[in-house]
Amino acid sequence: MFVKEPLAALAEKISVCTKCPLHEGRKKSVPGEGPANAEIMFIGEGPGFHENEQGRPFVGAAGKFLDQLLAQAGVTREDVWIGNVVKCRPPGNRDPLPEELAACDTYLEAQIKAINPSIIVTLGRFSMGKFVSGAKISAVHGQMRKVDDRFVIPMFHPAAALHQAALKPAILADFANLPELLKQARAAQGKSVREEEILKQNEKPKQLSLF
Ligand code: URA
């Protein structure tokens, strides 16, 4: 029997989802896009006008700025997964409501599980709130932390820098530092892989000695 690839199956479910009222204004859902085995997931807030038209994340003004920030960090869009905490456009681009976030969270959780990224970059406070509770984005932006088995880097939302010019230097600086944070995360993960190998090697003689 043909088994659908999990991300495609999720995208199909999202496209017909009616779990919250956001589906009422949906032209196209925006499940997110990128390689199924991406090392890095960028998670934004929710589709805006252009995303709702095209069904793709970050294709409007904030997306253009995100492309610029990614290029500055030497990250190509093709290499990373990009999505949102809510997959249908909130009317007038208002903030997503707690019940909308909760309804859509099962999809995001399933996407994270399927992709299993080692690094998650959150864009904006709603995405940050899923991983870092009780923090103010103005205090923690650009600071990488370990959340369970993954590294999480909270960033300002690119649209925030477009609406508040005073935030632009901070978001530029945070993305300029992204290559260094990626290097640190990869080094830390490399270390834990080596540790696992050592642990496994140490286990072998014990197993063998049973015979
Ligand atoms: N803003 C977001 O948070 N996500 C998008 O996909 C577009 C704009």
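Let us look at the overall build of the protein. Looking only at helices and strands, the protein has nine helices and five strands in total. When the helices and strands of the protein are placed in sequence order, the string is α-β-α-α-β-α-β-α-α-β-β-α-α-α. The burial tally for the protein puts 44% of its 211 residues in the buried class. Carbon and sulfur atoms make up 56% of the accessible area of the protein, which amounts to about 11500 Å² in all.

By nearness alone, every residue bordering the ligand is listed as Gly44, Glu45, Gly46, Glu51, Pro57, Phe58, Asn84 and His157. Backbone polar atom of glutamate 45 to an oxygen atom of the ligand: 2.7 Å apart, as the coordinates give it. Phenylalanine 58 is positioned with one of its backbone polar atoms (N or O) 3.0 Å from an oxygen atom of the ligand. Taken by itself the ligand offers 230 Å² of open surface, and the protein chains cover 92% of this. When atoms are counted within 2 Å of each cavity's grid points, the one that captures over half of the ligand is the largest pocket. The residue inventory of the shell around the ligand, partitioned by class, reads two nonpolar, four polar and two charged.

Before going further, it helps to examine the pattern of salt bridges. Tallying each qualifying case throughout the model produces nine salt bridges. A salt bridge links lysine 27 to glutamate 53; the shortest N-O distance between them is 3.0 Å. Of this pair, lysine 27 sits in the loop between helix H1 (6-15) and strand E1 (40-44) while glutamate 53 sits in helix H2 (residues 49-54), and the two are 26 residues apart along the sequence. Here aspartate 95 makes a salt bridge to arginine 125, at a shortest N to O gap of 3.0 Å. Taken together, the positions of aspartate 95 in the loop between strand E2 (81-84) and helix H4 (98-115) and arginine 125 in helix H5 (residues 125-131) put the pair 30 residues apart, joining distant regions of the chain. Overall, the relative accessible area of 48% leaves arginine 125 in the partly exposed class. Several salt bridges converge on common partners, so that one network encompasses Asp105, Glu109 and Lys130.

Scoring rules and cut-offs
- In every chain, residue numbers begin from 1 and rise along the written sequence.
- Whole-chain, interface and lining totals are the exception, using all residues; otherwise, since this is a predicted model, local features are given only for residues with pLDDT of at least 70 and side-chain atom pairs are given and counted only at 80 or more.
- Water and hydrogen atoms play no part in the side-chain values, which are based on all heavy atoms of the structure.
- Every helix listed is a DSSP run of H or I at least four residues long, and every strand listed is a run of E at least two residues long, numbered separately from the N terminus.
- The cut-offs for exposure are 20% and 50% of the maximum accessible area for each residue type, with area from a 1.4 Å probe on protein chains only; residues under the lower value are buried, those over the upper are exposed, and the others partly exposed.
- What sets the accessible areas is the Shrake-Rupley method with a 1.4 Å probe; for residues, cover comes only from the shown protein chains.
- Residues are classed as near a molecule or strand on a simple rule: at least one heavy atom within 4 Å of it.
- Polar contacts here mean pairs of N or O atoms no more than 3.5 Å apart (in protein, one a potential hydrogen donor and the other a potential acceptor; neighbouring residues in sequence count only if both atoms are side-chain atoms).
- Buried and open spaces are told apart on a 1 Å grid over the protein atoms alone, a cavity being a set of points where a 1.4 Å probe fits but cannot get out and a pocket being an open set with protein on both sides within 12 Å along at least five of seven lines. Residues with an atom within 4 Å of a point are the lining residues.
- A molecule is counted as occupying a cavity or pocket when more than half of its atoms fall within 2 Å of that pocket's grid points.
- Lys, Arg, Asp and Glu make up the charged group, whereas Ala, Val, Leu, Ile, Met, Phe, Trp, Tyr, Cys and Pro make up the nonpolar group; the residues left over, Gly among them, are polar.
- When a carboxyl oxygen of Asp or Glu lies within 4 Å of a side-chain nitrogen of Lys or Arg, that pair is called a salt bridge.

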